[in-house]
Amino acid sequence: TTSSSSSHTTMVVDIGGLVTQCSMVHRDICVASVALPLGGETLVELVQEHTRLEAFGKEESSSSSGGETKNNNNKDTFLTDARSLAALQVQARAATLQFTSTTTTASSVNQQQQVVPIHVPYVFSNPNNHHLDTTLSTSVLKSLLDEHIQQQHDDSDLLPPYLSPHLPPPTDVTTLLTSALTQLMEQGQRLPTSIDHVLVVGAASRSRFFLGSLLSSLEQVALTTTTGTTTVVVPSSASQASELTVLGATTMLPNYEYTMDKGLQRRDVSS
């Protein structure tokens, strides 16, 4: 960090596969951090289960139209063998990767509508139609994600440490991130006006569901306004994001130590 920027604070939002890590970095030291159980693999799992249930519905419909009086399929066990789950996962991942945003404006990201095809071969017992061909739309995937977040936090009796106690339970990705960013600033004792940059990295940072919601959340917590000074940095490529992540880790490494039993901890610089 240069002397001219020694007082600057950067918020880093790392949207990974399983976890979204939000951190506050000041003078190359992480002063606060919260981790959300949400990432790119969340979308894959939701699409995989949605596709499996849709296949079950089509199998049931096919059995009924064929005049069969009894169907031995069970919704909870249908297509849950290893081969079927692997095939569903491959197609679910391919579908979610197509929901990638090329813009970094909240309104334009959230307004984008898209429908992607899903083809899962050899899932049905019907000899005339072995394959599942369906589609997945932006609105359907958003509904799946919103429902997942609501169920995740409705079932919790205790307030998760990544949520602000001053905001209501989240109902979608935007309110989830808004609560988490609020909690982060409260932990780091920082006001929105003291944060100069928001760096968005991670494998799922270009997903329109996460990026659009994050940009909306930054507006909600007053980090980005028409008159604000906070700059949002979203690398245009995965390689740039990786380089920034490695550079940041290398810069901060002298201030931290890692052990298997305690994980990553800040070094005691007083001794």
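Residues numbered from 1 in each chain as written. Predicted model: local features only at pLDDT ≥ 70, side-chain atom pairs only at ≥ 80, totals over all residues. Heavy atoms only, no water.

## Things to note about the pairing of strand E1 (residues 9–15)
- Among the seven residues that make up E1, five are buried, leaving the element largely enclosed by the rest of the structure.
- Two elements, E1 and strand E6 (residues 195–201), share six bridges in a ladder whose sense is parallel. Each bridged residue has a counterpart across the sheet, and for Val 13 the counterpart in E6 is Val 200. (Buried < 20%, exposed > 50% of the residue type's maximum accessible area, 1.4 Å probe, protein only. Helix = DSSP H or I, 4+ residues; strand = E, 2+ residues; numbered from the N terminus. Pairing = 2+ DSSP bridges.)

## Observations regarding the sheet that holds E6
- What the five strands build is an open sheet, ordered E3-E2-E1-E6-E7; its pairing is mixed. Across the chains shown, the open sheet's two edge strands, defined by having one partner strand only, are strand E3 (29–36) and strand E7 (231–233). Taking each pair of neighbouring strands and ignoring which way they run, the sheet shows an average axis angle of 15°.
- With seven bridges joining them, E1 and strand E2 (residues 20–26) adopt antiparallel strand pairing. By the bridge assignment, Thr 9 is partnered in E2 with His 26.
- Strands in contact with helix H5 (residues 173–188) are E1, E2, E3 and E6; relative to E3, the strand with the most contacts, it is inclined by about 150°.
- The strands touched by helix H6 (residues 208–220) within the sheet are E1, E6 and E7, with E1 carrying the most contacts at an inclination of about 150°. (Axes fitted to C-alpha atoms, helices over the stretch in contact; angles between N-to-C directions. Contact = heavy atoms within 4.5 Å.)

## With respect to helix H2 (residues 82–97)
- Here H2 is 16 residues long and its end C-alpha atoms lie 22 Å apart, about the 22 Å a rise of 1.5 Å per residue gives.
- Among all positions of H2, only Ser 84, Ala 87, Leu 88, Ala 92, Ala 95 and Thr 96 are buried. Seen from one end, H2 has its buried residues packed into an arc of 160°, which puts them on one side. Structural note: H2 exposes Ala 82, Val 90 and Leu 97 on the side pointing more than 90 degrees away from its buried face. (Expected span 1.5 Å × (residues − 1). Arc of directions from axis to C-beta.)

## A closer look at the pattern of salt bridges
- Tallying each qualifying case throughout the model produces three salt bridges.
- Between Asp 146 and Lys 142 there is a salt bridge; the shortest N-O distance is 2.8 Å. Placement of both Asp 146 and Lys 142 in helix H4 (residues 138–154) is noted, with a separation of four residues, approximately one turn of the helix.
- Lys 142 sits in the partly exposed class, given a relative accessible area of 41%. (Salt bridge = Lys/Arg side-chain N within 4 Å of Asp/Glu carboxyl O.)

## Topic: the confidence of the model for the chain
- Residues with a pLDDT of 70 or more make up 73% of the chain, whose mean pLDDT is 80.
- No element of the chain has a lower mean pLDDT than helix H7 (residues 238–252), which averages 57, and none a higher one than H5, which averages 94.
- Throughout residues 1–5 the model reports pLDDT below 50, and contacts reaching past four residues in sequence, or to other chains, amount to two contacts. (pLDDT = per-residue confidence, 0-100.)

## A short note on H6
- Taking 1.5 Å of rise per residue, the 13 residues of H6 would be expected to cover 18 Å, and the 18 Å separating its terminal C-alpha atoms lies within 8% of that figure.
- Of all 13 residues in H6, 11 are buried, a share of seventy percent or more.
- If you check which residues of H6 are buried, you get Arg 208, Phe 209, Phe 210, Leu 211, Gly 212, Ser 213, Leu 214, Leu 215, Ser 216, Ser 217 and Leu 218.
- Remark: Ala 222 follows H6 within two positions and exhibits a positive phi of approximately 65°.

## Considering the nonpolar core
- Formed by 55 residues in total, the largest nonpolar core has its most connected members in Met 11, Leu 36, Leu 136, Leu 141, Leu 145, Phe 210 and Leu 214.
- A per-element tally of this core places H5 first, with seven residues.
- Every residue in contact with Leu 136, bar those within four places of it in the chain, is listed here: Val 47, His 50, Ala 95, Phe 99, Gln 114, Val 115, Val 116, Ile 118 and Leu 141. (Core = buried A, V, L, I, M, F, W, Y, C linked by side-chain atoms within 4.5 Å.)

## Here's the deal with the packing of aromatic side chains
- Throughout the structure, instances matching the rule amount to two aromatic pairs.
- Between Phe 56 and Phe 78, the aromatic rings sit 5.5 Å apart at their centres with planes inclined by 65°, giving edge-to-face as the arrangement. A residue pair is termed long-range when its members are at least 10 positions apart, and Phe 56 in helix H1 (residues 40–65) and Phe 78 in the loop between H1 and H2 qualify at 22 residues. By the burial criterion, Phe 56 is buried, and Phe 78 matches it. (Phe/Tyr/Trp six-rings, centres within 6.5 Å; stacked < 30°, edge-to-face > 60°.)

## Brief notes about the side chain of His 153
- As for its position among the elements, His 153 is in helix H4.
- Taking the relative accessible area as the measure of exposure, His 153 reaches 9% and is therefore buried.
- In this structure His 153 touches Pro 160, Tyr 162, Leu 163, Pro 170 and Leu 176, once residues within four positions along its chain are discounted.

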